[in-house]
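Remarks on the overall topology
Each chain, written out:
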Amino acid sequence: MTPPVDHTTATASTTPAAAGADASRAPGHAPSTTSVLLRLLHWGRPAVPRIVLGGLTALGASLLALAVPQVLRAVVNGPLLTSGSRVAVVEAAGLVLLLGVLEAFLVWCRRALILTPGTGVELAMRRDLFRRLLDLPVEFHDRWSGGQLLSRSMGDLSVIRRWMVFGVVMLCVSATTVVVGVGLMIATAPVLGVVYLAGAVPVVWLGFRFRQDYKVVARRARDQAGDLATAVEESVHGIRVLKAFGRGQDALDDFVRQADELRATEVAKARTQSRVTFALGAIPEAVLAVSLAVGVPLAAADRLSVGALVAFFATAAIVNAPVERLGQLLAMTLDARAATERFVQVIDTVPTVRDPERPRHLPARPREGSRVELRDVRFAHRARGRDAQAPPILAGVDLVLEPGTTTALVGLTGSGKTTVLQLVPRLYDVTGGEVRLDGVDVRDLTRDELRAAVAVAFEEPILFSASVRENVLMGVPDDLPADETQDLLDRSLDVARAGFARDLPHGLDTVIGEEGLSLSGGQRQRVALARAIAVRPRVLLLDDPLSALDVTTEADVTARLREVLAGTTTLVVAHRPSTVALADRVAVLEDGRITAVGTHSELLASNAHYRYVLTALESQDEELAAVDAERREQAAAGRQEEEREVDEVADESIEAVR
Ligand SMILES: Nc1ncnc2c1ncn2[C@@H]1O[C@H](COP(=O)(O)OP(=O)(O)OP(=O)(O)O)[C@@H](O)[C@H]1O
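Remember, it's a predicted structure, so these values are computed and weren't measured experimentally.

1. What to know about the overall build of the protein
From N to C terminus, the protein includes 21 helices and twelve strands. Scored against the burial criterion, the 658 residues of the protein give a buried share of 35%. Long-range pairs, those at least 24 residues apart, make up 81% of the contacts in the protein between residues at least 6 apart in sequence.

Here it is as structure tokens:
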């Protein structure tokens with residue numbers, strides 16, 4: 001016997017690391033930049049050897065640059081001051097040239113070494129992020145906007161890649177160059193070296209201040225970029241509504257406002273960075289002026305050789321460049337920190353709907369059909385922004401779907417019919433009670449096994465940018481023999497009355513969905529229904545998937561469904577009395593419970609709430625038909641005018657963006 005499994009539904013969706021990624025946390029508790037960036041090692045490890053090698057070559061190039069002043073010192077103190085030998089000077093010039101060529105070669109090596117591994121790391125991170133997004137439950141996607149996820153998988157990962165291949169390498173190399181350079185300066189001219197070192201005090205203080213300020217704006221900018229992506233996504237997604245209601249200008253105003261907020265944050269970022277860059281450029285130069293004032297009298301008093309003085313200033317000129325660059329590199333590092341926080345915030349989210357550790361399996365498919373039982377099912381969504389739960393939607397649903405029967409679920413708008421449907425394939429998990437399929441609690445099954453047994457067709461059909469064939473066969477195993485697959489495809493299309501797809505420009509290979517041919521609402525619903533049928537599920541859940549069809553076509557499709565799906569247990573959310581009449585039984589959902597079950601005529605005779613719901617649905621149906629007819633008329637008359645206006649707004653938008 002399978003041991004009982006703990007079905008406690010986890011409500012905390014992020015690990016402490018992810019919670020730590022929240023920018024709103026008090027700075028005192030925020031994780032350090034190093035610990036955040038160290039998370040990247042998980043994906044960056046394969047690239048580490050090449051990145052380290054690239055860093056070493058870059059360091060070699062910097063050290064070669066630092067060697068030049070020492071040659072200069074030897075030339076000045078040696079041949080120039082003593083013999084004046086031209087040969088020695090030419091030899092020294094040759095050495096400097098050689099060092100320069102070697103330095104350039106090492107810089108090239110650095111670029112060649114670290115370019116490809118960075119893109120590999122980005123690819124691995126992008127793949128893992130997408131995998132996580134697919135694994136996360138619907139509840140997660142309810143809370144996260146598409147733009148935030150899009151910006152994490154595109155913009156943030158690019159920021160991280162650039163930091164990995166350039167930022168981290170150059171930060172280490174620059175810091176080492178500064179340390180070695182200052183060491184050489186102290187060795188060459190100790191007094192001047194100490195003067196130069198004193199300049200490090202304000203530099204470190206400024207760096208600390210910069211880190212505090214920049215960290216906040218860097219995170220804000222990344223979040224605002226995500227919001228902006230959401231605005232574009234929503235407008236493009238709802239472009240028809242915007243056009244139909246003439247709200248293009250409002251959408252544009254909203255977009256421009258958000259874009260302006262992002263611009264302001266980017267300006268604040270640039271200001272913060274330019275302040276520190278100015279200071280990091282000015283302080284070393286000021287220190288050099290002081291060094292000159294101290295060094296020249298020392299050289300005049302013969303307490304410092306001219307060669308040493310020249311070498312000190314030549315080294316300082318080399319060291320000043322990486323000091324000045326530190327501001328830019330620190331900014332890159334803090335940008336990468338913000339991007340990493342946002343990335344791990346998603347990757348660390350623990351799915352609340354997950355596979356059991358020791359899954360059970362469904363019994364062999366019963367000939368007469370599967371049995372679905374909902375026992376005292378309770379459900380509440382998690383309240384937004386808090387871990388608390390919103391008011392319950394289902395408060396103890398008891399319903400048994402007898403094998404091979406069709407049950408219609410009826411209730412007022414918002415009563416929770418779709419919610420009931422979504423609990424069966426675990427799009428959400430119940431917050432109380434249980435759902436059993438052929439005697440097995442659905443939470444004891446792997447999601448793959450459960451979802452292969454249960455197919456859903458939603459009212460809003462989502463088609464993917466692929467051919468009709470691919471869309472319909474989405475849930476069919478790839479290893480099915482070709483002729484069987486073709487039979488399944490043909491039968492599903494016929495039952496769903498989706499045969500129109502054969503007459504599309506490229507037949508069933510016509511690409512539909514976002515990037516393809518646009519289908520009408522009814523056509524989309526029929527393709528989506530064919531997709532659900534093709535899976536040959538044990539349980540078919542229909543969330544009013546025929547709402548866009550006329551009553552005759554709906555009756556025809558339903559009749560065929562009953563014929564073909566003998567042995568399939570069906571639960572259909574009914575919004576139209578015509579759908580209800582075709583079911584074997586009807587269940588009434590009221591106040592979060594099933595309050596009556598019976599045939600259409602039984603309930604009509606005995607249940608007042610059922611009669612009330614049917615009347616509401618009927619009048620709603622008539623109202624919708626009237627509104628639809630009116631809308632069509634208006635649309636035909638006003639379309640040209642409307643499109644002209646929208647085009648004008650679009651032209652203005654393009655101009656504004658330009
Ligand atoms: N993701 C969500 N987060 C919070 N509340 C939700 C969410 N989805 C639905 N709800 C709420 O749950 C309730 C039930 O919604 P559901 O879609 O199940 O109702 P329904 O009976 O199918 O409605 P309709 O007949 O209009 O399709 C509604 O009050 C709805 O606002």
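2. Quick look at the UniProt feature "transmembrane region" (unreviewed entry) in the protein
As annotated in UniProt, the feature "transmembrane region" (unreviewed entry) corresponds to residues 47-68, 88-109, 163-187, 193-210 and 278-298 in the numbering used here. Between the C-alpha atoms that bound residues 47-68 there is a distance of 32 Å. The span itself is 95% helix and 0% strand. What you have in residues 163-187 is 100% helix and 0% strand, and the ends, taken at the C-alpha atoms, are 34 Å apart.

3. Focus: the packing of helix H16 (residues 482-495) against helix H17 (residues 521-534)
With their axes 8 Å apart at the nearest point, H16 and H17 run at an angle of 130° to one another. Judged by the angle between their axes, H16 and H17 are oblique. Viewed along their axes, H16 and H17 form a crossing whose handedness is right-handed. Contacts between H16 and H17 involve Leu488, Leu489, Ser492, Leu493 and Val495 on the former and, on the latter, Ala530, Ile533 and Ala534.

4. A short note on helix H11 (residues 248-300)
Over its 53 residues, H11 runs 76 Å from end to end, which matches the ideal 78 Å to within 8%, given 1.5 Å per residue. Following H11 by one or two positions, aspartate 302 adopts a phi angle in the positive range, close to 60°.

5. Describing the site of the ligand
Near the ligand the following residues occur: Asp142, His381, Ala390, Ile393, Gly411, Thr413, Gly414, Ser415, Gly416, Lys417, Thr418 and Thr419. In terms of residues, the shell around the ligand owes the most to one element, helix H13 (residues 417-423), which gives three residues. Grouping the amino acids of the shell around the ligand by side-chain chemistry returns two nonpolar, eight polar and two charged.

6. Points about the packing of helix H7 (residues 146-188) against helix H12 (residues 306-347)
Between H7 and H12, whose axes approach to 5 Å, the crossing angle comes to 155°. Here H12 runs roughly antiparallel to H7, going by the angle between their axes. For H7 against H12, the interelement crossing comes out left-handed.

7. Overview of the environment of histidine 506
By the element assignment, histidine 506 lies in the loop between H16 and strand S8 (511-512). Using a count of 11 C-beta atoms within 10 Å as the deciding quantity, one classes histidine 506 as exposed. Separated by 39 residues in the primary sequence, histidine 506 and serine 467 have C-alpha atoms spaced 9.2 Å apart.

8. Details of the environment of valine 179
Structurally, the position occupied by valine 179 is in helix H7. C-beta crowding within 10 Å serves as the criterion here: with 11 such atoms nearby, valine 179 is assigned to the exposed category. Expressed as a C-alpha distance, the spacing of valine 179 and valine 319, which sit 140 residues apart in the sequence, is 8.8 Å.

9. Description of the nonpolar core
In this structure, Leu409, Val410, Val424, Val527, Ala530, Ala532 and Leu541 are the most contacted members of the largest nonpolar core, which totals 70 residues. At seven residues, H17 tops the list of elements feeding residues into this core. A domain split of this core shows at least three residues from each of domain 2 (372-606) and domain 3 (608-658). Of all hydrophobic cores here, the second largest spans 66 residues; its members include Ala189, Ala221, Leu280 and Phe312.

10. Quick word on the environment of valine 400
Mapped onto the fold, valine 400 is located in strand S2 (residues 394-401). Considered as a pair, valine 400 and glycine 120 are 280 residues apart in the sequence and their alpha carbons are 51 Å apart.

11. Details of the sheet that holds strand S11 (residues 585-590)
What the six strands build is an open sheet, ordered S6-S9-S10-S3-S11-S12; its pairing is mixed. Two strands close off the open sheet at either side, each with one partner strand: strand S6 (454-457) and strand S12 (593-598). On average, each strand axis in the sheet is tilted by 20° relative to the strand beside it, whichever way the strands run. Bridging between S11 and S12 involves five bridges; their strand directions are antiparallel. Residue valine 588 lies in a different strand from S12, and its bridge partner there is alanine 596.

What counts and what doesn't
- For every chain, the first residue of the written sequence is number 1, and numbering continues from 1 along that sequence.
- With pLDDT at 70 or above as the cut-off, local features in this predicted model cover only qualifying residues; side-chain atom pairs require 80 or more to be listed or tallied, and sums for whole chains, interfaces and linings still use all residues.
- Every helix listed is a DSSP run of H or I at least four residues long, and every strand listed is a run of E at least two residues long, numbered separately from the N terminus.
- For the exposure call, what matters is how many other C-beta atoms sit within 10 Å of a residue's own: 20 or more marks it buried, 12 or fewer exposed, and in between partly exposed, using C-beta atoms placed from the backbone.
- Two residues qualify as being in contact provided that their C-beta atoms, derived from the backbone, are within 7 Å of each other.
- UniProt positions are given in the numbering used here, feature names are shortened, and annotations may be inferred rather than shown by experiment.
- A fitted line through C-alpha atoms serves as each axis, taken over the contacting stretch for helices, and the angle formed by two N-to-C directions is quoted from 0 to 180°.
- Note on angle classes: values under 35 degrees are labelled roughly parallel, values over 145 roughly antiparallel, values of 65 to 115 roughly perpendicular, and the remainder oblique.
- What makes a crossing left-handed is the near helix being turned counterclockwise from the far one by less than a right angle; a clockwise turn instead makes it right-handed.
- Expected helix span is computed as 1.5 Å times (number of residues minus one).
- Proximity of a residue to a molecule or strand is defined by its backbone-placed C-beta atom lying within 6 Å of that partner.
- Here the term charged refers only to Asp, Glu, Lys and Arg, the term nonpolar to Ala, Val, Leu, Ile, Met, Phe, Trp, Tyr, Cys and Pro, and the term polar to all other amino acids, Gly among them.
- Under the definition applied here, buried Ala, Val, Leu, Ile, Met, Phe, Trp, Tyr and Cys residues are grouped into a nonpolar core through C-beta atoms within 7 Å.
- These domain boundaries are the output of an automatic or database domain assignment.
- Paired strands are those between which DSSP finds at least two bridges.

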